[in-house]
Each structure stands twice: as C-alpha cells, then as structure tokens.
Number of protein chains: 2
Amino acid sequence: MRFFTMLALMVAACSAAPAAQAEDGYRLWLRYEPVGAELKTDYVAAATQLVPGGDSATIRAASDEFARGLSSMLGSAPAIAPRVSRDGAILYGTPATSPAIAALKLPLSNLGKEGFLIRSVPVNGHRATVIAANEDVGVLYGVFHLLERMERHEPIAALDIAEKPKLNLRLLNHWDNLDGHVERGYSGESIWDWFTLPEWKKPRYTDYARADASIGINGTVLNNVNASPDILQTRYLEKVATLADIFRPYGIKVYLSANFGSPVALKELDTADPLDPRVQQWWQAKADEIYRLIPDFGGFLVKANSEGQPGPQDYHRSHAEGANMLAAALKPHHGIVMWRAFVYSAEDDTDRARQAYAEFKPLDGKFADNVVVQVKNGPIDFQPREPFHPLFGAMPETPLMMEVQITKEYLGFNTHLAYLGTMWAEALDAYTGYPAPDNSVAGVLEDGKGTGLTGMAGVANVGSDRNWSGSEFDQANWYAFGRFAWNPSADPEAIARDWTRMTWGNDPKLVETVTAMMMRSREAVVDYMTPLGLTHQMATGHHHGPGPWISDLARPEWNPAYYNRADSNGIGFDRSESGTDAVADYAPEVGRQVNSITTTPEMFLLWFHHLPWDYKLRSGDTLWDGLVKSYDRGVDAVAGLQRDWASLKPLIDTQRFDEETAFLAIQHKDAKWWRDASIAYFQSKSNRPLPAGHAEPPHDLEYYKAIRTPYAPGQ
Amino acid sequence: MRFFTMLALMVAACSAAPAAQAEDGYRLWLRYEPVGAELKTDYVAAATQLVPGGDSATIRAASDEFARGLSSMLGSAPAIAPRVSRDGAILYGTPATSPAIAALKLPLSNLGKEGFLIRSVPVNGHRATVIAANEDVGVLYGVFHLLERMERHEPIAALDIAEKPKLNLRLLNHWDNLDGHVERGYSGESIWDWFTLPEWKKPRYTDYARADASIGINGTVLNNVNASPDILQTRYLEKVATLADIFRPYGIKVYLSANFGSPVALKELDTADPLDPRVQQWWQAKADEIYRLIPDFGGFLVKANSEGQPGPQDYHRSHAEGANMLAAALKPHHGIVMWRAFVYSAEDDTDRARQAYAEFKPLDGKFADNVVVQVKNGPIDFQPREPFHPLFGAMPETPLMMEVQITKEYLGFNTHLAYLGTMWAEALDAYTGYPAPDNSVAGVLEDGKGTGLTGMAGVANVGSDRNWSGSEFDQANWYAFGRFAWNPSADPEAIARDWTRMTWGNDPKLVETVTAMMMRSREAVVDYMTPLGLTHQMATGHHHGPGPWISDLARPEWNPAYYNRADSNGIGFDRSESGTDAVADYAPEVGRQVNSITTTPEMFLLWFHHLPWDYKLRSGDTLWDGLVKSYDRGVDAVAGLQRDWASLKPLIDTQRFDEETAFLAIQHKDAKWWRDASIAYFQSKSNRPLPAGHAEPPHDLEYYKAIRTPYAPGQ
C-alpha cells in the first residue's frame, strides 16, 4: 500500500509541470530518454553498479552524470559501490587513484591526458565495463561516450574503444559583451550574467559545462574578440574566476579576449607599445593577478589591428612582436596566446582575400612557442562557401588553429536550417600542398610544429534562449564543432546521425530523414544565397537578406558589388594571375588548379574568375541560366526540407515540431527573397531572359532594394 | 503486472529531465503542486466532472486550465461531461450558452462583463460547483479563482463568491523595443520575438496570457512608450495581430504605444500637426488598417512632448488637441487613447514635481470621451517613496488611470527584494481631498467620470528570462499589480500571503516568514536608498547605486543634488509655500498638512522641506543622526531578510533557495554601498560626527564617487 502511495505521489509530482516538461530543447543531445524494454534489459545488466576509482571533482561529475543519465534512461541508477562485486559493474577512473584499474594494466600510454579507453573486461571475477584514462577528464569523456552510446541505442556489452583527441585546443569563442549583448548572437543574450556574478552561480553554467564536456570541448573564451578592456579589471576577474571554478571539474579552461590597448584604455599607461618595458610589466602584473585568481587560466585570444581594434601596428610593431609580448607575460604561468589572423587594413586596397596572407606569411617562424595563430576557415569571413584559407598551406614554422563560426551570421541566423558539418569538412579535407602527412587542412591543424598548440575554435551560438542555440538544429552545429575539434577528419554524416538519434529519437525513418535533411541543408543555403562561388552578397551590417546591388559603402570590400563584380559582360572576381593573383597565395599545385577556369571546381568558379554571362558550365547551361537555376534549386531544396519535416509529424513532440515547421516557413520565405532579389539585380546587368520554366521575380529591383531590416538580431 | 510496468515507466519518464524539472520559476504562481492526501480527498470529491457550458475559445482555455491544474494538484483531471450527472461536478459558463446555468437564475446582473460568481449549489439533484458569469472571460477568471484557492489549500466545498473588477483597464505596459531590448528590463530580452513572428507562435506567449488572465489583467501595450514608428508598419501589425489572436481567448486586448510623429518619421507626411487634415486622415487610415487586422484592438498609449518624444506641442497644439485627434481616429472602432501625463519640459526650470500639474490641470474637461490620462503614482518618477501625484486630486472632469512601475528601475533592479504592494497601497490609500466617495486615490481611479475609462497600468517586469521577472520575488510584483488593478483597495499583506502560498508553498512557517519579509522589504529599500523623503539619489542613466553628489548633468532635475539640496546648513527640497509651493497643487487640506513642517509625515519630510541638520525628529534625534540611523536600519533590515531566508532552507527547493540567497547577498552588499556612499557625501556637507555606535564608511567619498557601473542592465 505504501509502495502504491509512493508511486502515485511520484507520478503526480511528475505531471505537475506540464509547461516545464515540454520538449523545449534545454536538454540538448543529453536528453537521456527512457529506452524500450528489450534494450533496457541489456543495459540494466551492463549497469548494475557504479564503481568510481577516485574522488576528485571530475570523478564526482562523472558519477553525477551516470546517475542522471542512467536513472533517466533505465528508470533507476545503479548504486555506487567501493569495488566491483557483481556482474555488470562499471568501473571508472585512472590507474593513479584506482588500484583496481592499475591492476588491469590497460594500454593507456598512447592516450595522452584526455584520451580514454572503454573495455568490457572481467574485474574481480565479474563481468564489468571499465572506463580508464590517464587523467580524470579522460574518464569523464569516457563516461559521456558510454552514456551517448546508450542514447543512440548502441550495444554496450562487448566494448573495446580507445579514443583520444587529435587537437589539444578545442575551444568555444563567445562573442559576448559585458552588457549581455552577443555580437552575431541569435539565441538571446549572453549566458554569462555578469551583473549577478560572482554571487549567483546559475545552474545553467554547469549544464553548459556538461554539454561542452560531452563533446570534448576543453576551453572557452568568455568575451567578445572586440574586447572591452574592463574584463581585465579585478571586479570582472573575480566573476571570471567563479565561472572557472564551475567549469574546472568538466575539464574546461577559461580564456579571455584581451584588448591590446587595455593599459591605455584603463588609463593606467599612456602607451600600449609592446616593446615598452612599462607595457610589458603591466601585462606581467595583470597575468600574475589573473593566475592568482585562476591558477589554470588558459590565456588570451587577441584581435589586433583589425576592424578598428588596437594592436601593435599602432606603434609600428609587428603582429609577432605584439603576440610575443603577451606570450612572455603568460609564459611563467603556462598560458598561451591565440592571435587572430583575421586582418584587413583600412589603408590597403588590394584584394581582401590576400591581406591576411600578406601580413602573416612574412612572420612565419617569428612567434614565441606559446603563441598559436588563429585562422578562419576561409580567406574572407565565414561565408556559406569559401575555399580554404591560403595561410593553412603557407606557415611551416607556425602552429595554426582554425576558427569557424558556429553561429550563423552569414547563413540565415537561427531560423535557417544549415548543418555546418559538411561545410567544415569541406575546408578540413581540402588539399593544401603543405608538406604534412596527408597534405590536408586537417593535417596542418594536427601539426603543432612541436608546440602542442593544435586546435579549433568555434564562435559559439550559445545564448540565454531556453534551447541554448536559438533553434534545435543549431544545436547540431555546436555538437558537430565539438566532434570536429576532437577529430578534424570526422565524417559529417556520422556526426549528423549521432546527433539526430540523441536529439530527436532513434526511430529509423526519423533518423534517416533528419540526417538527409541536414546533409543537404548547407548546399541549399549556398544555392539560394551565393551559388557558383559568389560570396558576401548579404545586406550591410546585420547580414540578413540579400544586397548584391550595394556599392556605396566607404570601404570597397564592404560592398557586395565588390565581390560579385557583375556588369553587362559577366560576373565574378578575377583572382587568377590575370586578376589579383590571389591564386599565388596557395601552394603551386593548388594555385595552378584554381588559376585555370577549366580546372577550377565549379563551386568556386566565380570566386576565382570573372566570366561572361554566356560562359558554358559543365551542365551545358550558360553561366546566366546556371545561376538562375542554382537559385531555384536552393528554394526548391528548402521546400523539400519542409516536405520531409512534415512527414515526421507523428514522430516528433509538438513543441519542437511546431517550432521547426515555423522556422522552415521563414527559411522558405527568405530563400525566395534571396532568389528573387538576386535574380532581379543580376538580370539588370545580364539583360538576359530567364531560362524557360523559371519565373520572373514578382517585384522589380527597386522593391527589393527598398527592403530594410532595422531590427535584425545580432548586430 | 501491467499496472506496475506502466507506473514504473511513468516514473522513469518523469525523472528523465532533472534539469528541466527543477523549480526554475517558469510556472510562476500557477505551479499547481500536488496536494496532500487529506485535502486531496476533499478536492477530488468536489471535482469529479467538468461541465463546460459553451464552446468558445475562452471556455476551451478554461477547460484546459482545469485539466492542467487538477491533473497536477490531484493526480488526474476529471472527465469532461455534457451535463451534471454526479456529485462533485463543476459547471462553468454563461446563461447565454448554458441552459443549465440559465436555469439556476443566478444573480449576475451586477457583475458586469468581467465579474463572476462561484456557488456550491445542487444541479440536476447533484452537488455541484457553479462558475457563472455574463461573459466567457468572467468564467475564465472564476476558473482561475477556484484553482488558485486550491493552490492555497482553501476549502472549496461550500462557496458563495461574487467578484468583479473595480477598474476596467488593467494593463501591462511593456517598454520593449523592436530590437528585443527592454528599457528598464532586468529579466532578459523582450518576450516578443518580433524576428520570428508571425510564423513562430511561442508557447511562452500563451503562458504569458494565462498568467495575466489568472490575475485579471485584460490588456497589454506591447511596445515601449518611447515608441518606434515602425511598429505601425504593416509588417509589424501582422505580427501584432498574431499575438492578439493568441491573447484573445484569455480576455486580453492588445494596445500599442504610438509615436506621435509617426507620419513624419515614416516619411509619409511632412507634418504631424494634429489639426492638419492630412494628419487626421493618416491616423484614420492607420486605425482602419489596424482594425482590419485586429478587430478588437484596444487603442494607443502615447508619450508626447516628454523626454524628447514628438508631440502636439511641436506644432503649438495642446496635449488635448493631440490626444483628441488620435481619439477621433480610433472612435469608430471603439478604441481608446491613454495619454501620459509624465511630462517635464527642457525649457521649464520650475520644480519638476509641479510640471505635469501645470500642463494638465488647465486641460481638465478638454479631452474626448475616449481619452484617459495616465498619471504616475507620484509626481517625479517611480521612486522608492513619493507622495501621490497631485493630479489625482485636481482633474474633476477627466478620467485618470494610474501608471505604476512593476519593474524596479529605482529599487535595485531584480536582485533587491522589494515587494511593491505596500508602496502601491500607500499611494492608492492616500487622501486626495478630491470630492469622490472616499476621497482616496483609489476612489479617483474608480471614478471614470461617466466614460468607463478606469484603470491601472503597470510597467511590466516580464522578459525572456526563464523565471519571467528576473527573480522569484519580482513575480510577486507582477501578481500584486494584477490584484490591485482588480481592486485598488486590496490589502497588500493578503496579496503577499496568497502569492507566497502559491509560489513557495503552504507550510505555515514558510508562509508567515516570507509574507513578513515581503511586507518590510520596500521600507528597507527606502531606508538604505532615500530615507525621510529624499528622492532620486540614484546614479545617472542606469539608476543603479548611489550618486547623491551628482550635480553636473545638463538639466537641473536630472541631478541627485537638485533633489537633496544638501549644504552645510541642512538638507531637503523646500516645496512649501516658502519654496516652490508645490504644496499648492494638492487640495487645500492636503496642501496645508504638508506645507507645515510639523504636520508633514516624516516619511515625506525632506520631499517638502529643507531643514537644518540639527532639526529634531519625532524620535528626539537630530535630522543628521536620524538620517544616519535610517541608512543603518535599511542595511540591518536586509541582514534580517537574509537570516529569515536562511531559516527557510529546509522548506524550499534548492535552485530557488540558492538563487534568492545569492540575490540577498547582492542586496546586502548594495545596501551597504548605498549607506556608506550616502553618509560619506552628506557628512561632507553636515560636517558632523556619526552618532555613537554607527560606523564610519570604510572608504572616503572619492572612492564612492569613482565607482562606475558601465554595464548595468536596462538602459
């Protein structure tokens, strides 16, 4: 009777919060949905007791995650036991703190500080699953790995898994300002509530750390690269320290974006010249202060002499001189400097795609050994499609990490479905000609030139929105970033499938449909925004919607017309040796391929070449007809996403289904707008009729030019 | 066996989302927690079937709320039945759509459109609870009333309740901008996601409507009184219409803040002169467009010729001429104009407290009959304490509604606990001398001068934060606002107690402790910020923290020093007849009382008088000593709140307990800051020692003057 009452009360309590219980995306891919009866039998048999081999904060976080995940998936969590005493135990820890694990003499020597091993082995004569690593954080990664396997309904009875990250720096970059605004954020305000820190430690901070750790992210730059110097004030460092304390058990280090002009902006010095001893001392003292508060502080990310930010060039010093000065201040504390190569000068009117190369190539080998240069995936700025950045093939003496943008500044914000895994894989798999083992960009990233400074940084799409990322599908990009940072050679389709299973469910039709939608989604965006190698056609400032006609902005490279160069003769940007010769920035065999119109991949055609409207594409279409067809293909692809999504209605909870339905409707409306506006403009140049079967834009060009979006988010 | 399995599965499913299930404040006062066994027996017996008498969207909303509330509180919801067929039925509807209710011939004639009656009566020979009203919205209010009684563990077996609102306009004013920023918002961004409307209808919009309806709020002004003209563009009106559709079943009308200069700002006319026929036609056409989209649109709220906003005075027309022009455009559609009296002129250097009176008193009787003048509770601006606004005693021919600020711009933002019910009651209960039945401000509000335009507006504290209001205790102010707008004579303590029961729980110690904390909380804020009638001592712009020394702002009345007038002789603002004679704006008997130092209530002493530091207070203390003791009393009161709160730890869920603990720590830190900085400054004027037992501020005045808060929220 008492049992019944208790159960009834639990059921009642459970139904008490219909609103809070709705699938609102908060749980991300760690939903830990209950598994079906058959699978449950297997899983319960393989999880009869939890045996933590240690008592660190990280091991406790691992035990907590087991309790959370197993109780949710299996109905109850196994008890914690001091040693393996029955079949189905899970033993997790390091040889240093667990004699039981040490006794197993597992092959951990190649797994480094963050790798882990999961093996189904007998322990004390009992069937057990062992999660072992050299450091506790590896154990935590292994625990997440096992739980995620269960979320995906994969077998766990006979495991022999060894995993370790290929890159050491797996970082989110938050472009979050101290006033709570997120530059290029489409998911609410900053998740850092600076106003209530350090007193109020939001549970969300811990859930953020859990999510990051579950995909191997091990660092976070808390503030915008357009950095307020105030973040370096003691009152803010105390808040930063509180976040660092929350993140530490999850293996996540805190980094800060540092404004190079801080000593001046904070009115403490009259110069920020990196060769001035007072400046050097100022930064050393600041570093000392930071490390007193945060002993494992990661280091600085710096945007210098770029888009108005101060930097060493203000004092006629080089990027290397600036970076090395900061690096010297951090060096005694084992901190690093991540120096961004995203520079283009107000005084330089050469091809913007060449400017980072021009500035950084001569500095190769001149950086201190705790400096890594952070290079965007492409030479312009996070476009829907760019060729890989030429610096990846040009810096044999300098460790390079790649910066990608998880938040979709140029890909339709949060309401457009665009899975970025395919985009990043395209860049990572690109052949560089660089003399590394596999000659790919991924290979370059894995080569730290002896410093160990290998990594990827992702500009975060995490905000205060309940669903973290502004849409469910944008969570996939956060997830995929973690997976690529762990393994730059990962398969984007496998990642999409894994994410789908954990986020939406394991129904086979659902998994295949959603995965297929994701895999074609980014190409759809390219088709309706910037097909055939066009780039940066977005409206000014907010980058929402089309503006191919814009040509009146102060600096040439801010104008979409600068990039499309459409005229009555044709369209495209000649970067061949007859143009800006940007092809020369690549390794010779790469440069030769894209220098020739006929060997340039068609997806990059107008990036490298200006071609006549009647140029014949491989399809046999003229360039003009092919361009129009690309736009329509993009719009049609979104309609296809809508159809596929609608077919999933019986398989998806109402709230998330309705939201994505609404977002796809917005995407379709926007895709049509992009198509119509772009065609209206380019037709005013080409003076050609649309190919048969392709409709005229419903309005004239002036109509599209008059559209304003003054309140677009993220600016 | 199957029963066990089902239960076990439900329990498992229920524990699937530990993070989402935490008490995170989302459910507000509609938590519908399961009731204990004994009470459950009674409640279940009184809720055996639901018999809706009608099928409107509003009645369906009522049925949904019953299902949600009863299933949560009682474990399951009773079935819907077509007629009363057993004891314990709940019959709800109007005589117009329910013959069963019509047959009861209940005394509904005095309940108006929004009142309701709840009676325990036999129906078809069965024991039943009847919720009856003249309109469906009254039924919905009655349903919430019954559910809330159950949340408070009150008996429901023998009810005879008749309720109707005393005011007709019970409105939230959202100071929300189209870019998502909320002016004076401390709870995240705007809940209106204009970017994804009209496609994405967030479930939160419906929950907002539920919360409002549960406390009788029947209108919402969606946008900031500093209004963007863009809200009147068709693309935004379509979004507004979508929100109106969501809110309509809950009896909530949508209103908009209208920028008086819209025809000019939108580049459609070269003038906004209200007497220009083109301007009149423009607004008529705009009103026609709005009503085509939103047939029950409420009307416009206007801030004109105030703080830089355009208005009729730009064309040498009066506020009445401006308001009446808009009123004429809305009149055919039964819309209204709420015209704000919050004006103070850049050219007028008379006492700011007199300016609204000076401008509006001469216009009494000159407004159209669908205009109501919206007057803040006090003559300055939402301070922790102000005397009531003199216009409430001065406009016999004009309907006045009161504007209060639910969001705590001047009371410490979201992290200070300050229950505003006591503050509003103080203003509402004030004796005006106005010849209305009870001579109180509440009486003035209830007197619509024949127009029916009676009301209160509350500047909303609702944002995108998970807990809606930025803190749990700020939810109480939203709740209390609804209760006071329903009944301006309501008892703030009863409201606090009701809210506490529903929000925190019904444990007697918890209820009494929390209620008592709330009841003294606002006086604590007054004591540590602006004791003894001081006002507007907040730092510039963001109004966070003290700035009593500030005297260098362009306009005199922006400066705290303008209000405190502290010098070596004394402190306070002489508004007596020997000063600015602001006392003359009140009815003679009120003015006489505050004109005299000895009869002025001490809580308003320095509002009306400049007094020497040695002036003797009623306590026998000098003014200087009394001032210091007030600050310390405020700080001590916050320490008392902290102690009381700590004693509740066993009775409150972890997340909400921890959050409020952190917020009270912030409040204590801030209260200390206010105390120290204020005393440091005033001591520099008084040149007097602190009374015995009161500590010197730990820093000198320059320290406090140097504190900057550049990233305070809400600006």
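The model shown is predicted, which means the values in this text are computed figures rather than measured ones.

What is the right way to read the overall build of chain A from this model?
In terms of regular secondary structure, chain A is built from 23 helices and 16 strands. Against the compact-globule benchmark of 27 Å for 715 residues, chain A has a radius of gyration of 26 Å, which places it among compact chains. Taking the principal axes of the C-alpha coordinates as reference, chain A spans close to 85 × 65 × 50 Å. For chain A, the proportion of contacts with a sequence separation of at least 24, taken over those separated by at least 6, is 73%. Of the roughly 24,100 Å² that chain A leaves accessible, carbon and sulfur atoms contribute 52%. Across chain A, the mean location of the 67 positive side-chain charges is 4 Å away from that of the 89 negative side-chain charges.

Whenever I open this one, the layout of surface pockets confuses me. Can you help?
Rolled over the atoms, a probe sized like a water molecule indicates the empty space that remains. Residue and element names in this part refer to chain B. Of the volumes computed, that of the second largest pocket is approximately 980 Å³. For the second largest pocket, the lining is made up of 32 residues, of which Lys113, Glu114, Asn168, Asn218 and Lys253 are closest to its centre. Contributions of two or more residues to the lining of the second largest pocket are made by α6 (136–151) and β9 (253–257). The class makeup of the residues in the lining of the second largest pocket is nine nonpolar, 13 polar and 10 charged.

So what exactly am I meant to see when it comes to the sheet that holds strand β6 (residues 160–163) of chain B here?
Either a parallel or an antiparallel arrangement is found when strands of a sheet pair, and the pairing is made through backbone hydrogen bonds. Taken in spatial order, the six strands make up an open sheet running β2-β1-β3-β5-β4-β6 (chain B), and their pairing is mixed. Here the strands that pair on one side only, and so sit at the sheet edges, are β2 (79–80) and β6 of chain B.

Please clarify how the domain arrangement of chain A should be interpreted in this entry.
Interface size is commonly expressed as the accessible surface area that is lost when the partners come together. Residues and elements named next belong to chain A. Once the domains are mapped, chain A shows domain 1 (2–163), domain 2 (169–495) and domain 3 (527–573 + 610–705). Placing a centre on the C-alpha atoms of domain 2 and another on those of domain 3 gives a separation of 31 Å. The interface is formed by 25 residues belonging to domain 2 together with 25 residues belonging to domain 3. Here domain 2 packs against domain 3, burying approximately 2,200 Å² in sum over the two surfaces, 54% of which is carbon and sulfur.

Please explain the side chain of Ser576 of chain A as it appears in this structure.
Residue and element names in this part refer to chain A. By the element assignment, Ser576 lies in the loop between β15 (570–571) and α19 (588–595). A residue is classified by how much of its surface remains accessible, and Ser576, at 5% relative accessible area, is buried. Reaching out from Ser576, the side chain makes a polar contact with the side chain of Asp574 at a distance of 2.6 Å. Among the polar contacts made by the side chain of Ser576, one reaches the side chain of Ser578 at a distance of 2.8 Å.

In this structure, what is going on with helix α13 (residues 421–428) of chain B? I would like to understand it.
The α-helix advances 3.6 residues per turn, and as a result positions three or four apart in sequence lie on the same side. The element α13 of chain B is largely enclosed, with a buried count of seven among its eight residues. Those residues of α13 of chain B hidden inside the fold are in contact with β13 (400–405), α14 (441–446), β14 (455–459), α15 (472–486), α16 (492–503) and α17 (508–529) of chain B.

I tried to follow unusual backbone geometry on my own but got confused; where do I start?
Comment: phi is negative for the bulk of residues other than glycine, and the bulk of peptide bonds are trans. Residues and elements named next belong to chain A. Cis geometry marks the peptide bond from Leu197 to Pro198, where omega comes out at 5 degrees. Within the fold, Pro198 resides in the loop between β7 (169–173) and α7 (203–214). The residue Trp468 is not glycine, and still its phi comes out positive at about 75 degrees. Along the chain, the position of Trp468 falls in the loop between β14 (455–459) and α15 (472–486).

What should I look at first to understand the packing of aromatic side chains in this one?
Given two aromatic rings, one states the distance between the centres and the angle between the planes to describe the pair. Per the stated rule, a full pass over the model turns up 82 aromatic pairs over all chains. Arranged with centres 6.4 Å apart and planes meeting at 80 degrees, the rings of Phe663 of chain A and Trp200 of chain B form a pair that is edge-to-face. Of this pair, Phe663 of chain A sits in helix α22 (residues 654–686) while Trp200 of chain B is found in the loop between β7 (169–173) and α7 (203–214), placing the two residues in two different chains. By relative accessible area, Phe663 of chain A is classed as buried at 2%. For Trp200 of chain B, a relative accessible area of 5% gives the class buried. Taken together, the ring pairs connect Tyr26, Trp29, Trp192, Tyr205, Tyr208, Phe247, Trp468, Trp478 and Tyr479 of chain A into an aromatic cluster. Taking the ring centre of Phe342 of chain B as reference, the NZ or CZ of Lys376 of chain B above it sits at 3.2 Å.

In this structure, what is going on with the pattern of salt bridges? I would like to understand it.
Once their charged atoms are close, side chains differing in charge can pair, the charge on each being opposite to the other. Residues and elements named next belong to chain A. The final tally for this structure, using the stated rule, is 101 salt bridges over all chains. Between Arg278 and Asp270 there is a salt bridge whose closest N-O contact spans 3.5 Å. A residue is classified by how much of its surface remains accessible, and Asp270, at 63% relative accessible area, is exposed. Linking Arg522 and Glu426 is a salt bridge whose minimum nitrogen-to-oxygen distance equals 2.8 Å.

Got a minute to help me understand the confidence of the model for chain A in this structure?
Where the model shows low pLDDT, its predicted coordinates should not be examined in detail. Residue and element names in this part refer to chain A. A residue-level look at chain A finds 96% of positions with pLDDT of 70 or above and a mean pLDDT of 95. The low-confidence segment residues 1–20, where pLDDT is below 50, has 33 contacts with residues more than four positions distant or belonging to other chains. As scored by the predictor, the complex reaches a pTM of 0.96 and an ipTM of 0.95.

Explanation requested: the environment of Asn414 of chain B in the structure shown.
Residue and element names in this part refer to chain B. For Asn414, the position within the fold is in the loop between β13 and α13. For Asn414, a relative accessible area of 7% gives the class buried. Each C-alpha atom of the pair Asn414 and His610 lies 33 Å from the other, and the pair is 196 residues apart in sequence. Sequence-distant contacts of Asn414, defined by excluding residues within four places in its chain, comprise Tyr186, Lys408, Ser469, Gly470, Ser471, Asp474 and Phe663.

Teacher, can you tell me more about the pairing of strand β9 (residues 253–257) of chain A here?
Two faces make up the sheet, and in a regular strand the side chains alternate between them. All names here are of chain A. The element β9 is largely enclosed, with a buried count of four among its five residues. Note that strand β8 (residues 219–221) and β9 share three bridges and pair parallel. Considered in β9, the bridge of Thr220 is made with Val254. Between the parallel pair β8 and β9, the chain is carried across by helix α8 (residues 234–247), and the sense of this crossover is right-handed. Pairing analysis gives three bridges linking β9 to strand β10 (residues 299–302), with the strands arranged parallel. If you follow Leu256 over to β10, its bridge partner there is Phe300.

Rules used throughout
Residues numbered from 1 in each chain as written. Chains lettered and ligands numbered in written order. Predicted model: local features only at pLDDT ≥ 70, side-chain atom pairs only at ≥ 80, totals over all residues. Heavy atoms only, no water. Helix = DSSP H or I, 4+ residues; strand = E, 2+ residues; numbered from the N terminus. Rg over C-alpha atoms; globule rule 2.2 N^0.38 Å. Contact = heavy atoms within 4.5 Å. Areas by Shrake-Rupley, 256 points an atom, 1.4 Å probe, with all protein chains shown as cover. Lys, Arg positive; Asp, Glu negative; His and termini not counted. Charge placed at Lys NZ, Arg CZ, Asp CG, Glu CD. 1 Å grid on protein atoms, 1.4 Å probe; cavity = no way out; pocket = protein on both sides within 12 Å on 5 of 7 lines; lining within 4 Å. Points joined across faces, edges and corners; volume = space filled by probe spheres on them. Nonpolar A, V, L, I, M, F, W, Y, C, P; charged D, E, K, R; others polar. Pairing = 2+ DSSP bridges. Domains from an automatic or database assignment. Buried area = accessible area lost by both parts, 1.4 Å probe. Buried < 20%, exposed > 50% of the residue type's maximum accessible area, 1.4 Å probe, protein only. Polar contact = N/O pair within 3.5 Å; in protein donor to acceptor, adjacent residues only side chain to side chain. Phe/Tyr/Trp six-rings, centres within 6.5 Å; stacked < 30°, edge-to-face > 60°. Lys NZ or Arg CZ within 6 Å of the ring centre and 35° of its normal. Salt bridge = Lys/Arg side-chain N within 4 Å of Asp/Glu carboxyl O. pLDDT = per-residue confidence, 0-100. Right-handed = clockwise from strand over helix to strand, strands pointing away.

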